[in-house]
Amino acid sequence: MSQNTKVFNFLVDGGKATAGPPIGPALGPLGLNVMQVVKRINELTADYAGMRVPVKVIVDVEKKTFEVEVGTPTTAALIVKELKIEKGAHQPSKETVGNLSMEQVVKIAKIKMKDIGASSLKAAVKTVVGTAQSMGVTIDGKPPKQVIEEIEKGLYDELIKKHEGEAG
């Protein structure tokens, strides 16, 4: 990156970024066509409708050009989308807001794997189960703590191995 490059990080609602704050005021003074940037962000984040998505806008100040890199939503946001619920439980230890299948857990783990720096898909799956626990979400109708123990014992190894071979 040259010294004429500026990097901006925004958290946007998937497919619904606007030229208002924080994007417009940050990019407007650089002489960029803010609407073009917003349009590009919305194209790239359309699949994440209803979720907050981290977006990086890299601007070449001299050339007035930009590129947009989209991160992945938080694990919690992916769980919320998968379950089609509003949000996690207020008291996760006392209430349950939804139930994920192990297949759904693995799907989310594959999306998040590089972000959470997991060494294996199995480690990523355990992280997703941990997030589910903090949200009051069960896995296959079982408490997440029990599922973690079952993962440790290798009960889901076959399912996880089946998905490891597939590109995420």
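Draft legend 1. Representation of the overall build of the protein in the model. Helix and strand content of the protein: 7 helices and 5 strands. When the helices and strands of the protein are listed from N to C terminus, the series reads β-α-α-β-β-α-β-α-α-β-α-α. Expressed as lengths along the three principal axes of its C-alpha atoms, the size of the protein is roughly 55 × 35 × 20 Å. For the protein, the residues scored as buried account for 40% of the 168 residues in total. Counting contacts in the protein only where the partners sit at least 6 residues apart, residues at least 24 apart contribute 60% of the total. Of the roughly 9400 Å² of accessible surface on the protein, 52% is carried by carbon and sulfur atoms.

Draft legend 2. Molecular detail of the packing of aromatic side chains. For the structure shown, the criterion picks out 1 aromatic pair. Relative to F10, the ring of F8 lies with its centre 6.2 Å away and its plane at 0°, an arrangement referred to as stacked. Each of the two residues, F8 as well as F10, counts as buried.

Draft legend 3. Expanded view of the sheet that holds strand β3 (residues 65–70). In space, the 3 strands of this open sheet follow the order β1-β2-β3, with antiparallel pairing throughout. Every other strand in the sheet has two partners, leaving β1 (5–13) and β3 as the edge strands with one partner each. Averaged over neighbouring strand pairs, the angle between their axes works out to 25° when direction is ignored. The sheet contact formed by β1 and strand β2 (residues 52–60) spans 9 bridges and is antiparallel. Bridge pairing in β2 places K6 opposite V59. Those strands touched by helix α2 (residues 34–45) are β1, β2 and β3, and its axis lies near 25° from that of β3.

Draft legend 4. Broad picture of the nonpolar core. I23, L27, I41, V57, I79, M102 and V125 are the most contacted members of the largest nonpolar core, which totals 45 residues. It is helix α5 (residues 121–135) that contributes the most residues to this core, 7 residues altogether. What L27 contacts, discounting residues up to four positions off in sequence, is F8, F10, L32, V34, V37, V57 and V59.

Draft legend 5. A look at the environment of M102. When you line up the elements, M102 lands in helix α4 (residues 102–116). Expressed as a C-alpha distance, the spacing of M102 and V147, which sit 45 residues apart in the sequence, is 9.2 Å. Once residues lying within four places of it in the same chain are set aside, the contact partners of M102 are V125, I139, D140, V147, I151, Y156 and L159.

Draft legend 6. How the structure looks around helix α6 (residues 144–152). Of the residues making up α6, those classed as buried are P144, V147, E150 and I151. Take α6 and look down its axis: the buried residues cluster within an arc of 110°, on one side only. The exposed set on the far side of α6, more than 90 degrees from its buried face, consists of K145 and E152. Phi for G154, located one or two positions after α6, is positive at around 90°.

Draft legend 7. Region of the structure containing the pattern of salt bridges. Enumeration over the complete set of coordinates arrives at 9 salt bridges. E43 is the partner of K39 in a salt bridge, and the nearest nitrogen-oxygen pair spans 3.6 Å. With a gap of 4 residues between them, K39 and E43 both fall in helix α2, about one helical turn apart. With relative accessibility at 56%, the residue K39 sits in the exposed group. Its relative accessible area of 44% is what places E43 among the partly exposed residues. Salt-bridge contacts for R40 lead to E43; the nearest nitrogen and oxygen are separated by 2.9 Å. A residue pair is termed a helical-turn pair when its members lie 3 or 4 positions apart in one helix, as R40 and E43 do in helix α2 at 3 residues. Among the charged side chains, a network of salt bridges with common partners joins K39, R40 and E43.

Conventions adopted
Residues numbered from 1 in each chain as written. Predicted model: local features only at pLDDT ≥ 70, side-chain atom pairs only at ≥ 80, totals over all residues. Heavy atoms only, no water. Helix = DSSP H or I, 4+ residues; strand = E, 2+ residues; numbered from the N terminus. Buried < 20%, exposed > 50% of the residue type's maximum accessible area, 1.4 Å probe, protein only. Contact = heavy atoms within 4.5 Å. Areas by Shrake-Rupley, 256 points an atom, 1.4 Å probe, with all protein chains shown as cover. Phe/Tyr/Trp six-rings, centres within 6.5 Å; stacked < 30°, edge-to-face > 60°. Pairing = 2+ DSSP bridges. Axes fitted to C-alpha atoms, helices over the stretch in contact; angles between N-to-C directions. Core = buried A, V, L, I, M, F, W, Y, C linked by side-chain atoms within 4.5 Å. Arc of directions from axis to C-beta. Salt bridge = Lys/Arg side-chain N within 4 Å of Asp/Glu carboxyl O.

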